[in-house]
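Understanding the architecture of this molecule
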Amino acid sequence: MKGVWIHTPGGMNETVGFLLDLQEPRTFSLTLAAGSVFKLYVDGEAVFFGPMRAAHGYARRHHMTCTGRHIAVVVNHPGIRTFCWLCEDPFFACTVVAGDKTWHTDDFTAYALDERVREVLRYSYQRGFSEVYRVNGAFPAFLAGHPTSAPLAVREVPLPELLECHTHAPTMTVVTPRAGIASGYIADTGCHEVPYQRYFDLVGTVLDGFRTDSVSDNQIADYVAFRHAKEPTDTGLVYRIFAFDGSRTGFLRLRVRAKSACAIRLAYEELIDDKDGDLLLHPLRNETLNVVKWTLERGGNYDLSTFEPYTAQYAEVIFPADADVELSLVEYVNPDADKLDFHCEDEDLNLIVRAARESFRSNAVDLLTDCPSRERSGWLSDSYFSGTAERLFTGENLVEAAFLENYALSDRSAFPAGMIPMNYPSDAYDGTYIPNWSMWYVMEILRIAHTHPDSDTIRQARGTIEGLFAFFARYENEYSLLENLESWVFVEWSAANNADHIAGVNIPSNICYHRILIDAGRLYDRPDWVEKGERIRENILHLGFNGTLFVDNLLRDEKGVLQKTDHLTEVCQYYAFWFGAVTPGDHPALYDLLMHRLGRNKAPGFMDNVEKPNMMYGIYMRLDLLMREGKREELLDEIRYYFLPMAKTTGTLWEHTSTHASLNHAFASYSIKWILYATTGYNADTDRFESLPPSPVIPRTVCSLPFTPGGNSPGERRGKTEGKNGTWLAGSAY
């Protein structure tokens, strides 16, 4: 394949269209690769969005079969560092075959697509640019094969190394709202002051992009000036609020009938606020700019769509009173998530399962991402949990294999020797890394090794794990305990992550370190790792336990002697049992305290000096411990307690116990593991059905797993590809 790009690139947020006319409708096979972000259209209909992401210096070939005449590929090159899309040189490459005829990259014609406004605000700290359009009718003409502008000259550009896609093409189906739930008039207060957003303020220092004083159209400044009114106002604007049947992810789409030139604004969110009957959206709630604006240069009928996928349960459209709008969403989700068939007599549990499925399918298209809204980024740690869910929902681990293949090839030049990115593929803004996340990478490899010990993924990971352990060795003190870890030390979203809790010798981090040393040592036949892990465990027990609880950290006194702090959190105790530093048998009093008097059982005023946990990890570790004990009734009770309010509110599962961040988070799909165990006895940790005593409170369940328990299910085998430096890339789901 040959790669091209336009002769005179324009810089950030540039959009170029490539058009091919097959002269008549044909069924054709297409192989496509492009740098940056692209959408494929056939006869005006969007049929694919990409790329399926790869590491720096690589791109993936996308293969598909379609029928039509006019093939259009729209490539948007953000040209900035993000956690979502890599900032690499743009290119376009394509081959089309129909019968005995073949078209190549040079047979496409390039055109400037100027309707998307370039100088706009970032969408979030983690993603690229927001979307603003000045619509003149040129884009549908381009899609129909009748471009209104002159062709652009192109030049050949080097292609990155091309890899195959191992994941299946995402589902792109239309979803309509269940209802229009509110409507009324719009007043303009004239107050355009936007609340502080770090992803606006940090542009020019930490972040790339356009500063607020240099954008061409500040759509959020318009939106915050509007207020709902009960009577017509001099703006001539009205609003309509739509509701989907839950939080959905995809391309938001509007059909507009306008009598004259006007602006159409679309705000969307996962939640809605009822202020005395006035339904309000807060599109900045999740540190995202959830407002899209289209300025129509003339009246007419328009089919408008966002270029990238977003997440919404509610959407507000603001438009002229003499216009009309219809809203829909084209889903962009994993196509295999329906392979698990589950139904039980408890409708609350069915609702939670549907929410877990939705949280998985919207976060597992090409990577295991954290959330499909604010970031769409492939974070370690999250992937440990969502990788478990992938097998349970789909029967395979195609997405996790692609995710880990990217890590095997990842660019680590911005980090200290041995360290790996905290999320990937992504661009490092300032060299920040999370040492704990690299430990979860090892945990993920160990989880895979449990069922696929001879896989390519396990062999690939050995060098990375050796590098990580060499990195951590530089922080070991006289007790082999990690001390004064640098960058972003992460225990969980709670007081356990306060600076005074993670300083010095952080006990949860060392608990995790001891476990990965022992288990990786056994996997790779490194008895020195095993010995060190056992030594760390002994020193954690000796130095970190105050007689009742494990403390969060140790600090040195004026004489340089390590002393226990008085920092106490529930999550530290969960770490101790979950990672096997202690067992319920050798610490029964602590275990009884943790499982029966703390957690959701904690009485007001009891041990107020012990800080409560959050979802990731304390509560998840707690539920895993209940499962290990076979406490099916208690497990279901706590699942309902934590997850049912989420499922009822958004139809998805959340990052936190509260609503202040993402309300659709991939790791939460791990909850399917506990539900399957409690209702059917299937234990995903052992890949076996356990013989459990009957219980009158366990609902009758019909379940068909998408794999055969007790054996490996490697999925569709694919050929190997040799990468740079002789690295063999995983050719299957492990």
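Residues numbered from 1 in each chain as written. Predicted model: local features only at pLDDT ≥ 70, side-chain atom pairs only at ≥ 80, totals over all residues. Heavy atoms only, no water.

The next point concerns the overall build of the protein. Looking only at helices and strands, one finds 16 helices and 33 strands in the protein. Against the globule reference of 27 Å for 734 residues, the protein gives a C-alpha radius of gyration of 27 Å, in line with a compact fold. Dimensions of the protein, computed from C-alpha atoms along their principal axes, come out at roughly 75 × 65 × 60 Å. In the structure as shown, the protein presents an accessible area of about 26,900 Å², 49% of it carried by carbon and sulfur atoms. For the protein, the distance from the average site of its 69 positive side-chain charges to the average site of its 98 negative ones is 2 Å. (Helix = DSSP H or I, 4+ residues; strand = E, 2+ residues; numbered from the N terminus. Rg over C-alpha atoms; globule rule 2.2 N^0.38 Å. Areas by Shrake-Rupley, 256 points an atom, 1.4 Å probe, with all protein chains shown as cover. Lys, Arg positive; Asp, Glu negative; His and termini not counted. Charge placed at Lys NZ, Arg CZ, Asp CG, Glu CD.)

This part takes up the layout of surface pockets. Here the largest pocket defines a volume of roughly 930 Å³. What lines the largest pocket is a set of 39 residues, and nearest its centre among them are Tyr 41, Phe 139, Leu 143, Asp 303 and Ser 305. Looking at the lining of the largest pocket residue by residue, the classes come out as 24 nonpolar, 8 polar and 7 charged. (1 Å grid on protein atoms, 1.4 Å probe; cavity = no way out; pocket = protein on both sides within 12 Å on 5 of 7 lines; lining within 4 Å. Points joined across faces, edges and corners; volume = space filled by probe spheres on them. Nonpolar A, V, L, I, M, F, W, Y, C, P; charged D, E, K, R; others polar.)

Let's shift gears to the packing of aromatic side chains. Applying the stated criterion across every chain, the model contains 60 aromatic pairs. Relative to Trp 493, the ring of Trp 488 lies with its centre 6.2 Å away and its plane at 55°, an arrangement referred to as tilted. Over the ring of Tyr 125 we find Arg 198, and its NZ or CZ is 3.9 Å from the ring centre. Positioned above the aromatic ring of Tyr 641 is the side chain of Arg 600, whose terminal nitrogen or guanidinium carbon lies 4.1 Å from the ring centre. (Phe/Tyr/Trp six-rings, centres within 6.5 Å; stacked < 30°, edge-to-face > 60°. Lys NZ or Arg CZ within 6 Å of the ring centre and 35° of its normal.)

With antiparallel pairing, 3 strands are arranged side by side in an open sheet as E24-E25-E26. Where the open sheet ends on each side, the last strands, each with one partner, are strand E24 (505-506) and strand E26 (562-564). Here E24 runs beside strand E25 (residues 553-556); their pairing, made up of 2 bridges, is antiparallel. Bridging from a neighbouring strand, Val 505 pairs with Leu 554 of E25. (Pairing = 2+ DSSP bridges.)

Turning next to the environment of Ala 496. Within the secondary structure, Ala 496 sits in the loop between helix H8 (456-473) and helix H9 (499-502). With 245 residues separating them in the primary sequence, Ala 496 and Phe 251 have C-alpha atoms 38 Å apart. Leave out the neighbours within four places in its chain, and Ala 496 touches Val 491, His 501, Ile 502, Asp 552, Thr 569 and Val 571. (Contact = heavy atoms within 4.5 Å.)

Following the criterion strictly, the structure yields 45 salt bridges and no others. Residues Arg 253 and Asp 303 are paired through a salt bridge, measuring 2.8 Å at the closest nitrogen-oxygen approach. Of this pair, Arg 253 sits in strand E15 (residues 237-258) while Asp 303 sits in strand E20 (residues 300-305), and the two are 50 residues apart along the sequence. Glu 270 is the salt-bridge partner of Arg 285, the closest N and O atoms lying 3.1 Å from each other. Residue Arg 285 is located in the loop between strand E18 (278-280) and strand E19 (291-296), and its partner Glu 270 is located in the loop between strand E16 (262-269) and strand E17 (273-275); the two are separated by 15 residues in the primary sequence. Salt bridges here are not isolated pairs; linked through shared partners, they connect Asp 245, Arg 248, Glu 331, Glu 358 and Arg 361. (Salt bridge = Lys/Arg side-chain N within 4 Å of Asp/Glu carboxyl O.)

Turning to the confidence of the model for the protein, a few remarks are in order. In this model, the protein carries an average pLDDT of 95, and 97% of its residues clear a pLDDT of 70 or more. Counting interchain partners and residues more than four positions distant, the pLDDT-below-50 stretch residues 711-732 has 52 contacts. (pLDDT = per-residue confidence, 0-100.)

Below, the discussion takes up the side chain of Gln 573. Checked against the element boundaries, Gln 573 lands in helix H12 (residues 570-578). Of the polar contacts made by the side chain of Gln 573, one reaches the backbone oxygen of Thr 569; its length is 3.0 Å. Those residues in contact with Gln 573 that sit more than four places away from it in its chain are Leu 549, Phe 550, Leu 590 and Leu 594. (Polar contact = N/O pair within 3.5 Å; in protein donor to acceptor, adjacent residues only side chain to side chain.)

Further remarks concern the packing of helix H13 (residues 588-597) against helix H14 (residues 615-628). Relative orientation of the contacting elements H13 and H14 amounts to 110°, with a least axis distance of 11 Å. Here H14 runs roughly perpendicular to H13, going by the angle between their axes. Crossing of H13 against H14: the hand is left-handed. Counted together, Tyr 591, Leu 594 and Met 595 of H13 and Arg 622, Leu 625 and Leu 626 of H14 form the full contact between these two elements. When its residues are assigned to classes, the contact of H13 with H14 shows 5 nonpolar, no polar and 1 charged. (Axes fitted to C-alpha atoms, helices over the stretch in contact; angles between N-to-C directions. Parallel < 35°, antiparallel > 145°, perpendicular 65-115°, else oblique. Left-handed = near helix turned anticlockwise from the far one by under 90°.)

Moving on: empty space enclosed by the protein. Inspection of every chain in the model, using the stated rule, returns 5 cavities of 30 Å³ or more. Considering only enclosed or pocket space, the largest cavity measures out at about 60 Å³ in volume. Forming the boundary of the largest cavity are Thr 167, His 168, Asn 334, Pro 335, Asp 336, Val 365, Glu 390, Thr 394, Glu 396, Leu 398 and Val 399. Looking at the lining of the largest cavity residue by residue, the classes come out as 4 nonpolar, 4 polar and 3 charged.

Here we come to the packing of helix H4 (residues 347-361) against helix H15 (residues 632-650). Viewed as axis vectors pointing N to C, H4 and H15 meet at an angle of 65°, and their least axial separation amounts to 9 Å. As for the relative orientation of H4 and H15, their crossing is left-handed in sense. Two secondary-structure elements touch here, H4 through Asp 348, Leu 349, Leu 351, Ile 352 and Ala 355 and H15 through Leu 636, Ile 639, Arg 640, Phe 643, Leu 644, Ala 647 and Lys 648.

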